[in-house]
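Residue-level structural notes
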Amino acid sequence: MGIMKIFLFASFFVLNIICCFAAKSKVLIVFAHQEPQSFVFAMRNTVFQTLVMNGHEVKTSNLHQLKMILSLDRTDFTEPFDPEYFRPQNEQKAANAKNRTTFSKELRLEHDKVEWADIILFVFPYYVMYIPGIMKSWMERVFSFGFAYGEGRSLKGKKAMIMYATGADKNYLKDIEIQFWDTINAQFTFMGMTALQPFCAYKAAGVTYEQRKEYLRQAELIAVDIDKRPPFKPSEQQLIYLNSTITSVSYTHLR
């Protein structure tokens, strides 16, 4: 009996050791903000440091630092598919068919990071009821046809999440997640990724210092358990709004 107890204890100990050293998710942080002293920058730094300390591999794309151009045009490609008429999807499809070798160097690097990641985390300020233009441009150019959607898409099984800060309070922006529904659904779920529950720091510049610290604490807790973050699920009120105003498609399966 004593030997059995020792065996069970040893097995439990070994399993705990294995769990502690089990492979963690690889996380790509796509980040947009111009000011290193901003709250959004602090939120990004908090998440980055917490992920690293908890054993995750982390890569970043600081879009302003990368000086990403704001348009999808011929400069995205080193070799045109159709030099007479520029059709973005056709050019992207042709480049992806050549193992992305005819994309520009900066886009190949971003494609490689996306392909590497298990989770893609977008961190940004909420600008004019949407994501910053530089981030929208990144999505248009990196989430390319033949890579992120269409034939040959390779994002299935990945997870994506948005983490952002607003200038207005929660009551004023009570339908803010509804505003993001198209982004979450079309740009994440449509591409085969699982959209995770978003996080918002409301009125970040207008709340107290203590509240901003609390926002950062919440962001830290999300990073600690990023692998356990639940999928995006609209509230009952949001489901009513989505079903009645946005589309004829029913979202009741997300209850």
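This is a predicted model, so every value here is computed, not measured.

**Some points on the overall build of the protein**
Scanning the protein from terminus to terminus reveals ten helices and six strands. Taken across its 255 residues, the protein has 42% of its residues classed as buried. For the protein, long-range pairs separated by at least 24 residues make up 72% of all intrachain contacts whose partners lie at least 6 apart in sequence. On the protein, roughly 14,100 Å² of surface is accessible, and the fraction owed to carbon and sulfur atoms is 58%.

**Some points on the pairing of strand β2 (residues 57–62)**
Direction of pairing for strand β1 (residues 26–31) relative to β2: parallel, over a ladder of six bridges. Bridging across to β2, V27 finds its partner in V58. Crossover β1 to β2 through helix α2 (residues 39–53) is right-handed.

**Concerning the side chain of Q92**
Here Q92 is to be found in helix α4 (residues 88–97). Residue Q92 is classed as buried on the basis of its relative accessible area of 2%.

**Some thoughts on the pattern of salt bridges**
Tallied over the entire structure, the rule returns nine salt bridges. E140 serves as the salt-bridge partner of K136, at 2.5 Å between the closest nitrogen and oxygen. With K136 and E140 both in helix α6 (residues 133–142), this residue pair falls four residues apart, about one helical turn. You can call E140 partly exposed: its relative accessible area is 35%. In this structure, a network of salt bridges that share partners links the residues D76, E106 and R141.

**Section: the nonpolar core**
Formed by 65 residues in total, the largest nonpolar core has its most connected members in F122, W138, F143, M163 and F188. In this structure, F122 is in contact with V30, M135, W138, M139, F143, M161, I162, M163 and F188, ignoring residues within four places of it in sequence.

**Topic: helix α9 (residues 209–224)**
In this model α9 runs 23 Å from its N-terminal to its C-terminal C-alpha over 16 residues, within 8% of the 22 Å that 1.5 Å per residue would give. Inspection of α9 places Y215, A219, I222 and A223 among the buried residues, and these make up the whole buried set. Considered in projection along α9, the buried side chains sweep an arc of 100° and stay on one side of the axis. Those residues of α9 that are exposed and angled more than 90 degrees off the buried face are Y209 and E210. Elements in contact with the buried residues of α9: α2, β4 (159–165) and β6 (199–201).

**A look at α2**
In a regular helix each residue adds 1.5 Å, so 15 residues correspond to 21 Å; α2 covers 21 Å between its end C-alpha atoms and thus fits that length. Taken together, the buried positions of α2 are F39, V40, F41, M43, R44, T46, V47, T50 and L51. The elements touched by buried residues of α2 are β1, β2, β3 (119–125), β4, β6 and α9. At the C-terminal side of α2, G55 shows a positive phi close to 90°.

**Thoughts on the packing of helix α5 (residues 105–116) against α6**
At a minimum axis separation of 10 Å, α5 and α6 run at an interaxial angle of 85°. Classed by the angle they form, the pair α5 and α6 counts as roughly perpendicular. When α5 is examined against α6, the residues E106, L107, E110, H111 and V114 are found in contact with a partner set consisting of W138, R141 and V142. Residue composition of the contact of α5 with α6, grouped by class: four nonpolar, one polar and three charged.

**What to know about the packing of aromatic side chains**
Considering all chains together, one arrives at twelve aromatic pairs under this definition. On the basis of an interplanar angle of 75° and a centroid distance of 5.3 Å, the ring pair of W138 and F143 is categorised as edge-to-face. Here W138 matches F143 in class, with each residue buried. With a centroid separation of 6.3 Å and 45° between ring planes, the pair formed by Y149 and F190 is classed as tilted.

**Looking at the packing of α2 against α9**
Between α2 and α9, the shortest axis-to-axis distance is 8 Å and the interhelical angle comes to 35°. Along this stretch, α2 crosses α9, giving a crossing that reads as right-handed. Residues F39, A42, M43, T46, V47, T50 and L51 of α2 form the contact with α9, whose participating residues are R212, Y215, L216, A219, E220, A223 and V224. In terms of residue class, the contact of α2 with α9 is made up of ten nonpolar, two polar and two charged.

Basis of the calculations
Residues numbered from 1 in each chain as written. Predicted model: local features only at pLDDT ≥ 70, side-chain atom pairs only at ≥ 80, totals over all residues. Heavy atoms only, no water. Helix = DSSP H or I, 4+ residues; strand = E, 2+ residues; numbered from the N terminus. Buried < 20%, exposed > 50% of the residue type's maximum accessible area, 1.4 Å probe, protein only. Contact = heavy atoms within 4.5 Å. Areas by Shrake-Rupley, 256 points an atom, 1.4 Å probe, with all protein chains shown as cover. Pairing = 2+ DSSP bridges. Right-handed = clockwise from strand over helix to strand, strands pointing away. Salt bridge = Lys/Arg side-chain N within 4 Å of Asp/Glu carboxyl O. Core = buried A, V, L, I, M, F, W, Y, C linked by side-chain atoms within 4.5 Å. Expected span 1.5 Å × (residues − 1). Arc of directions from axis to C-beta. Axes fitted to C-alpha atoms, helices over the stretch in contact; angles between N-to-C directions. Parallel < 35°, antiparallel > 145°, perpendicular 65-115°, else oblique. Nonpolar A, V, L, I, M, F, W, Y, C, P; charged D, E, K, R; others polar. Phe/Tyr/Trp six-rings, centres within 6.5 Å; stacked < 30°, edge-to-face > 60°. Left-handed = near helix turned anticlockwise from the far one by under 90°.

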